[in-house]
Amino acid sequence: MNIRSATFVKGVIGTDDIFDGVRPQIVFIGRSNVGKSSVINSLVNQKNLARTSSFPGRTQEINVFLINKAFYLIDLPGYGFAKVPEKVREKIQKMINWFLFNSEYNFKKVILIIDAKIGPTEDDMEMLYGLEKEVKDIVIVANKIDKVKVTEYDKQMEKIKNAFNIHKVIPYSAEKKIGVGELTEELLN
Ligand SMILES: Nc1nc2c(ncn2[C@@H]2O[C@H](COP(=O)(O)OP(=O)(O)O)[C@@H](O)[C@H]2O)c(=O)[nH]1
Ligand SMILES: [Mg+2]
């Protein structure tokens, strides 16, 4: 598959008809700052489709992008967020939990993005276990692989693969455009 077009549809904060439609939905989730927006931008080959962290105004919304006029990429706000005030953090966590675990929307696939250098965190594993109860198709993107030293690459990838066992792990760099082809193929697989 080639991504020929990508447009921002809307940012939503709750129930929306768009999620009840027939177009397949692929959800992107990950800790704040793992590079979720950057991964989406690298996939669609645009610099600013998904706004990166310098635009905090939109990070509290669920951003919906239409790809090839055929399917949606859904960019959820990040979890973890050490620097975010408690109140906002709770609100975001509530929204994520509602969307993923209580909304009964049907997702084709969930892309869980982690930081390749940091490796799987407790928050990441908690998210994985939650997702495993709800969706079958989970793909792990180990972003920022460019930050992993060549001498540590094999060991780090093995650690990540072991943590996520049955799920596919794609080594990725939004910055260096590593893994773009593989993730693109995975989207509608
Ligand atoms: N080295 C490196 N930095 C990255 C990569 N992807 C994202 N970043 C940086 O990580 C920071 C957070 O990125 P952003 O996409 O806003 O993360 P989000 O909060 O998960 O949406 C930014 O400073 C990016 O430039 C990558 O593949 N490699
Ligand atoms: Mg973001």
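Model, not experiment: these values are computed from the prediction.

Parameters at a glance
Residues numbered from 1 in each chain as written. Chains lettered and ligands numbered in written order. Predicted model: local features only at pLDDT ≥ 70, side-chain atom pairs only at ≥ 80, totals over all residues. Heavy atoms only, no water. Near = heavy atom within 4 Å. Polar contact = N/O pair within 3.5 Å; in protein donor to acceptor, adjacent residues only side chain to side chain. Areas by Shrake-Rupley, 256 points an atom, 1.4 Å probe, with all protein chains shown as cover. Helix = DSSP H or I, 4+ residues; strand = E, 2+ residues; numbered from the N terminus. Phe/Tyr/Trp six-rings, centres within 6.5 Å; stacked < 30°, edge-to-face > 60°. Salt bridge = Lys/Arg side-chain N within 4 Å of Asp/Glu carboxyl O. Buried < 20%, exposed > 50% of the residue type's maximum accessible area, 1.4 Å probe, protein only. Pairing = 2+ DSSP bridges. Axes fitted to C-alpha atoms, helices over the stretch in contact; angles between N-to-C directions. Contact = heavy atoms within 4.5 Å. Arc of directions from axis to C-beta. Expected span 1.5 Å × (residues − 1). Parallel < 35°, antiparallel > 145°, perpendicular 65-115°, else oblique. Nonpolar A, V, L, I, M, F, W, Y, C, P; charged D, E, K, R; others polar.

A. Region of interest: the site of ligand 1. Looking at ligand 1, there are 17 residues lining it, with Asn33, Lys36, Ser38, Asp146 and Ala174 nearest. Lys144 places a polar side-chain atom, nitrogen or oxygen, 3.0 Å from an oxygen atom of ligand 1. Surface burial for ligand 1 is 79%, taken as the share of its 580 Å² of free accessible area covered by protein chains. By residue number, the principal contributor to the shell around ligand 1 is helix 1 (residues 36–44), which donates 3 residues.

B. The packing of aromatic side chains, seen in detail. Considering all chains together, one arrives at 7 aromatic pairs under this definition. Centre to centre, the rings of Trp98 and Tyr105 are 5.9 Å apart; their planes meet at 80°, and the pair counts as edge-to-face. Here a set of aromatic residues connected by ring pairs shows up, and it is made of Phe19, Trp98, Phe99, Tyr105 and Phe107.

C. Structural context of the pattern of salt bridges. Scanning the entire structure with this criterion turns up 7 salt bridges. In this structure, the salt-bridge partner of Asp75 is Lys36, at a minimum N-O distance of 2.9 Å. Placement of Asp75 in strand 4 (residues 71–75) and of Lys36 in helix 1 is noted, with a sequence separation of 39 residues between them. Here Asp75 falls in the buried class, since its relative accessible area comes to 5%. Of the charged contacts in the structure, one is a salt bridge between Lys109 and Asp137, with a shortest N-O distance of 3.8 Å. Of this pair, Lys109 sits in strand 5 (residues 109–115) while Asp137 sits in the loop between helix 3 (122–134) and strand 6 (138–143); the two residues are 28 residues apart in sequence, bridging distant segments of the chain. Of the residues examined, Asp137 reaches a relative accessible area of 29% and is grouped as partly exposed.

D. Summary view of the sheet that holds strand 6. Read from one edge to the other, the open sheet built from 7 strands follows the order 1-3-4-2-5-6-7, with strand pairing classed as mixed. Two strands lie at the open edges of the sheet, namely strand 1 (6–12) and strand 7 (168–171), each paired on one side alone. Averaged over all adjacent pairs, the angle separating strand axes in this sheet is 25°, with direction ignored. Relative to strand 2 (residues 25–30), helix 1 is tilted by about 140°, and along the sheet it contacts strand 1, strand 2, strand 3 (62–67), strand 4, strand 5 and strand 6. Sitting on the sheet, helix 5 (residues 180–187) touches strand 2, strand 4, strand 5, strand 6 and strand 7, and the angle it makes with strand 7 is about 145°.

E. Representation of helix 5 in the model. What helix 5 keeps buried is the set Val180, Leu183, Thr184, Glu186 and Leu187. Along helix 5, the residues classed as buried sweep out an arc of 160° about the axis, all on the same side.

F. Focus on helix 4 (residues 153–164). Helix length check: helix 4 (12 residues) gives 17 Å between terminal C-alpha atoms against 16 Å at 1.5 Å per residue, within 8%. For helix 4, the complete set of buried residues consists of Gln156, Met157, Ile160 and Phe164. Seen along its axis, helix 4 keeps its buried residues to an arc of 95°; they face one direction. With respect to the buried face of helix 4, the exposed residues turned more than 90 degrees away are Asp154, Lys155, Glu158 and Asn162. Looking at the buried residues of helix 4, the elements they touch are strand 5, helix 3, strand 6 and strand 7. Directly after helix 4, the chain includes Asn165, whose backbone phi takes a positive value near 25°.

G. Representation of the packing of helix 1 against helix 5 in the model. As a packed pair, helix 1 and helix 5 sit with axes 10 Å apart at the nearest point and diverge in direction by 90°. The angle between helix 1 and helix 5 falls in the class roughly perpendicular. Contacts between helix 1 and helix 5 involve Val39, Ser42 and Leu43 from the first element and Val180, Leu183, Thr184 and Leu187 from the second. The class makeup of the residues in the contact of helix 1 with helix 5 is 5 nonpolar, 2 polar and no charged.

Honestly, that's just the spatial picture; any functional story needs more than this.
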